[in-house]
Amino acid sequence: MPPSQPEFRLFNTMTRSVEPFAPTDGDTVRIYSCGPTVYNPAHLGNFRTFLFADLMRRALRLRGWKVRQVMNLTDVDDKIIRRAQEQGKTIREVTEPVTKVFHEDRAYLRIEPAEVYPKATDYIPQMIVLVERLIARGVAYQAEDNSVYFAIDRFPGYGRLSRLDTREVRSGARVAQDDYSKENAQDFALWKSAKPEDEASGAAWDSPWGRGRPGWHLECSAMAIDLLGETLDIHCGGIDLIFPHHEDEIAQSEAATGATFSRFWCHGAFLLTDGSKMAKRLGNVTTVQGMREAQISAAAVRHFVFNTHYRKELNLSEEALEASMNAVRRVGDFADRLATATGGTTELAVAADSAVAEVEAALFDDLNAPNALAGLFTFITRANAELDKRGSDTESLERARAAFARINGVLDIVPERQIDDPELAAWVEERLAGRRAARERRDFGEADRIRAELAERGITIEDTSAGTKWKRSR
Ligand code: AMP
Ligand code: ZN
């Protein structure tokens, strides 16, 4: 690392402290992020965690490193099999459409794609090899129910990440379900012997221990080691994954390889609704589709999420979303102004340089996005005042544009072009009403003609279940 480069610091759950971070090879950061279980469209809580990973990868790149991120798609687990059984489908028939929605939602929120999205069902052979290694090392055993379990008392580090009190460790007792509480820390299933519903839904494979399927935790160890090597730079996910998921991942991986599984463990805090965790099983979820229908732009959602530090809980509220919509409108106006300005002042360049310094310092200090946003808004205020002076210095204007692009390259909060021309808006609304009426009387020729007329004026429209949305194309 060149000495002039600033330090990058991250909170490491393993040590419960903020530590200096750099990739092992000085060049590429290898990140493994636990991805969605694809049995239901991911909710905004899940996406808060995925936005945290997006912020992480963009901030690391801003610092000058490359990123190789792997995010798994859990396409076989208890919940998916139950869903398949309820619907008389195979697990694949359940997971494929949900995976498609995941990527659409991800793209809507401008979350950069990970480099690899491995599916658990594509890594069954690697998982079997891992279980064989664990059995060979004497830390796993096949029980009377034919399932293979990890013996937690044979792995001295068990409980280190979640600071599990050793008295709670109930070795010998076994748990087969994928998710369980700390009170039930016991030998967990690596490989589960097949039940009739597993066979019926296509969730059973041949193995040295008979037909069966992997336990949830196993996939992440197998895929991370296969795609990123035995020691990751960063492993991240939501805070609820610390136990048992990440604890079990560490046990499986380190008992098999003897190497430290991940140098950094990073966890994002929950998104709440009315004070409780947003969760599918609680039925209090908001989806990305819901955001789109309410015409809440990706920029506003990103602003809303980034305006609270990732390690603090965040409550979803209409007021907060509205404030974010107003905030990003200001960012969009500023982007337009920068694009159309013809010159700046010396002070504009000074403001640009200090904004970049402030935002970078914030992001490199444990991804402090709220401080980065504050730095951006200070810049907008200062730059607007300078642009009011209608200077003619093109170099300072370029500096301001570059600074804004650099900052927004991480936050990505410029909304789609706003319609700020009331006359045009009225004209569009009139056409849309005509089109609605034409469609109601099934005069699709006329409806298409109106769409074309709008397109001629640079207006694109999108029909959603909440009505027709329109925007001026850039
Ligand atoms: P799942 O699809 O349930 O496996 O969860 C995918 C990711 O979303 C995991 O990293 C979870 O920790 C995370 N997650 C689940 N619920 C929330 C929530 N309410 N707020 C933030 N992250 C969450
Ligand atoms: Zn995982």
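As the structure is a computational prediction, the values presented were derived from the model and not from experiment.

Notes on the domain arrangement of the chain
Along its sequence, the chain is organised into domain 1 (24-276), domain 2 (298-411) and domain 3 (422-472). Spacing between the C-alpha centres of domain 1 and domain 3 amounts to 46 Å.

Some details on the coordination of the zinc ion (ligand 2)
Surrounding the zinc ion (ligand 2) are the protein donor atoms Cys34 (SG), Cys220 (SG), His245 (NE2) and Glu249 (OE), which sit 2.0 to 2.4 Å from the metal. Viewed at the metal, the four donor atoms of the zinc ion (ligand 2) are separated by angles of 74 to 132 degrees, and the geometry they form is irregular. Each donor residue of the zinc ion (ligand 2) belongs to the same chain, and together they define the spacing C-x185-C-x24-H-x3-E. Note that Cys34 is positioned in the loop between strand E3 (28-33) and helix H1 (44-62) and His245 in helix H7 (residues 242-257), a separation of 211 residues in sequence.

Comments concerning the pattern of salt bridges
All chains considered together, the criterion is met by 36 salt bridges. The residue Glu386 makes a salt bridge to Lys389 at a minimum N-O spacing of 3.1 Å. Across the pair Asp443 and Arg441 runs a salt bridge whose closest N-O atoms are separated by 3.5 Å. For Asp443, a relative accessible area of 30% puts it in the partly exposed group. Looking at Arg441, the relative accessible area reads 52%, which means it is exposed. One network of salt bridges, in which partners are shared, links Asp54, Arg57, Arg58, Arg61, Arg110, Glu112, Glu115, Arg302 and Asp412.

Things to note about the packing of aromatic side chains
Aromatic ring pairs are defined here through the distance separating the ring centres and the angle between the ring planes. One pass over the structure, following the stated rule, counts 18 aromatic pairs. Pairing Phe50 with Phe102 gives two aromatic rings, centres 5.7 Å apart and planes at 85 degrees, and the pair type is edge-to-face. Here the residue Phe50 occupies a position in helix H1, and Phe102 occupies one in helix H3 (residues 91-108), the gap between them amounting to 52 residues. Among the residues examined, Phe50 registers a relative accessible area of 6% and is labelled buried. Under the relative-accessibility criterion, Phe102 is labelled buried at 4%. Three or more aromatic residues joined by ring pairs form one cluster here, namely Phe8, Phe21, Trp65, Phe264 and Phe364.

Thoughts on helix H13 (residues 394-411)
Here H13 spans 26 Å end to end across 18 residues, near enough to the 26 Å set by a 1.5 Å rise per residue. Listed in full, the buried residues belonging to H13 are Ser396, Leu397, Ala400, Ala403, Phe404, Ile407, Asn408, Val410 and Leu411. All buried residues of H13 lie within an arc of 155 degrees about the axis, which places them on one face of the element. Looking at the buried residues of H13, the elements they touch are H1, helix H9 (298-306), helix H10 (318-340), helix H11 (346-364) and helix H12 (369-388). The backbone nitrogen of Glu395 has a side-chain oxygen 3.0 Å away, supplied by the residue at the start of H13, namely Asp393. Following H13 by one or two positions, Asp412 adopts a phi angle in the positive range, close to 55 degrees.

What counts and what doesn't
Residues numbered from 1 in each chain as written. Chains lettered and ligands numbered in written order. Predicted model: local features only at pLDDT ≥ 70, side-chain atom pairs only at ≥ 80, totals over all residues. Heavy atoms only, no water. Domains from an automatic or database assignment. Donors = N, O, S within 2.8 Å, 3.2 Å for Na, K, Ca; no water. Tetrahedral: all angles 85-135°; square planar, octahedral: opposite > 155°, others 65-115°. Helix = DSSP H or I, 4+ residues; strand = E, 2+ residues; numbered from the N terminus. Salt bridge = Lys/Arg side-chain N within 4 Å of Asp/Glu carboxyl O. Buried < 20%, exposed > 50% of the residue type's maximum accessible area, 1.4 Å probe, protein only. Phe/Tyr/Trp six-rings, centres within 6.5 Å; stacked < 30°, edge-to-face > 60°. Expected span 1.5 Å × (residues − 1). Arc of directions from axis to C-beta. Contact = heavy atoms within 4.5 Å. Polar contact = N/O pair within 3.5 Å; in protein donor to acceptor, adjacent residues only side chain to side chain.

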